[in-house]
Amino acid sequence: MESNVIEMANLLIVEEYEWNPDSLLMKSHYIDGKLFSHVYEKEREMIVLQKPKDVIDYSCQYYGMSLEGNQKGASIVTNYKKKLPVIICKELNLVVFPTASPSRDNCYWIDYSSIKDFNKSTSNETSILFNNQVEMVIPMSFASFNTQYGRAAVLQSRLKSRVAETKRKYGLIDEDEQ
């Protein structure tokens, strides 16, 4: 077994993690009072020995960006100032959004493109159905979740529009886009 991967109680433990097309959701996880991340993928889940915000920043860097740069760009494109969605990798359609301030320990990060549906569970919880038919309930009101989901949609839509307009303007339309 590799030195940076440990399996404990049927739960994989890894030192670092890059958000990828199988990633669904990430939340805080404490071990002996130290903050780590619990990542849920389509077919598995794992503990990452990084804080959730650090996983997102590491993932942005892995794909050639930074969390700070992505947040600044998202703020400019959307005019939102807080709890900004993040495009980790445009080419892989990896767009995540936080459920709270990213600096707070109770912040979940959710993959926008992996959501099939979501509904109110209780007054302070939202049930998310992912594309792989896995359902999870998170501690966030439906109204707040809907707002964050909408922000991710706005960011993705505005960037796609800008790219399409630039391609048209400079005659860079791909054959499959005509």
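Preceding block: the structure.
The notes below deal with the structure included here. (Residues numbered from 1 in each chain as written. Predicted model: local features only at pLDDT ≥ 70, side-chain atom pairs only at ≥ 80, totals over all residues. Heavy atoms only, no water.)

### Details of unusual backbone geometry
Okay, step 1: For Asp32, which is not glycine, the phi dihedral falls at a positive 50°.
Okay, step 2: Tracing the sequence through the fold places Asp32 in the loop between strand 3 (23-31) and strand 4 (34-41).
Okay, step 3: Positive phi values are uncommon outside glycine, yet Lys83 reaches one of about 45°.
Okay, step 4: Structurally, Lys83 can be placed in the loop between helix 2 (67-78) and strand 6 (86-89). (Helix = DSSP H or I, 4+ residues; strand = E, 2+ residues; numbered from the N terminus.)

### Some thoughts on the packing of aromatic side chains
Okay, step 1: As enumerated under the stated definition, the model contains 8 aromatic pairs in all.
Okay, step 2: Here the aromatic rings of Tyr112 and Tyr149 are separated by 4.9 Å at their centres, their planes lie at 45°, and the arrangement is tilted. With Tyr112 in the loop between strand 8 (109-111) and strand 9 (115-122) and Tyr149 in helix 3 (residues 142-169), the pair connects residues that are 37 residues apart, well separated along the chain.
Okay, step 3: Take Tyr112: its relative accessible area is 14%, and that puts it in the buried class.
Okay, step 4: Accessibility expressed as a relative area gives 21% for Tyr149, which makes it partly exposed.
Okay, step 5: Three or more aromatic residues joined by ring pairs form one cluster here, namely Phe97, Tyr112, Phe118, Phe142, Phe145 and Tyr149.
Okay, step 6: Between Arg151 and the ring centre of Tyr80, over which it is positioned, the NZ or CZ distance is 4.5 Å. (Phe/Tyr/Trp six-rings, centres within 6.5 Å; stacked < 30°, edge-to-face > 60°. Buried < 20%, exposed > 50% of the residue type's maximum accessible area, 1.4 Å probe, protein only. Lys NZ or Arg CZ within 6 Å of the ring centre and 35° of its normal.)

### Some words on the pattern of salt bridges
Okay, step 1: This model, assessed by the stated rule, comprises 3 salt bridges.
Okay, step 2: The salt bridge partner of Arg44 is Glu41, with a shortest N-O separation of 2.7 Å.
Okay, step 3: With its nearest N and O atoms 3.2 Å apart, the salt bridge here joins Glu165 to Arg168. In this pair, Glu165 and Arg168 both sit in helix 3, 3 residues apart, roughly one turn of the helix. (Salt bridge = Lys/Arg side-chain N within 4 Å of Asp/Glu carboxyl O.)

### Focus: the layout of surface pockets
Okay, step 1: Here the largest pocket defines a volume of roughly 230 Å³.
Okay, step 2: If you go around the largest pocket, you meet 15 residues; those closest to its centre are Met65, Asn70, Ile87, Lys90 and Leu159.
Okay, step 3: Listing elements by their share of the lining of the largest pocket, those giving two or more residues are helix 2, strand 6 and helix 3.
Okay, step 4: Here the residues of the lining of the largest pocket are counted per class, giving 10 nonpolar, 3 polar and 2 charged.
Okay, step 5: Volume-wise, the second largest pocket comes out at about 150 Å³.
Okay, step 6: Of all the elements, helix 3 adds the most residues to the lining of the second largest pocket, at 4 residues.
Okay, step 7: When grouped by side-chain class, the residues that make up the lining of the second largest pocket number 4 nonpolar, 2 polar and 3 charged. (1 Å grid on protein atoms, 1.4 Å probe; cavity = no way out; pocket = protein on both sides within 12 Å on 5 of 7 lines; lining within 4 Å. Points joined across faces, edges and corners; volume = space filled by probe spheres on them. Nonpolar A, V, L, I, M, F, W, Y, C, P; charged D, E, K, R; others polar.)

### Focus: the state of the cysteines
Okay, step 1: Counting across every chain of the model gives 0 disulfides.
Okay, step 2: Between Cys60, a cysteine without a disulfide, and Cys89, which holds the nearest cysteine sulfur, the sulfur-to-sulfur distance is 9.8 Å.
Okay, step 3: Free cysteine Cys107: the closest other cysteine sulfur is in Cys60, separated by 13 Å.
Okay, step 4: Look at Cys107 and you get buried, because its relative accessible area is 1%. (Disulfide = S-S within 2.5 Å.)

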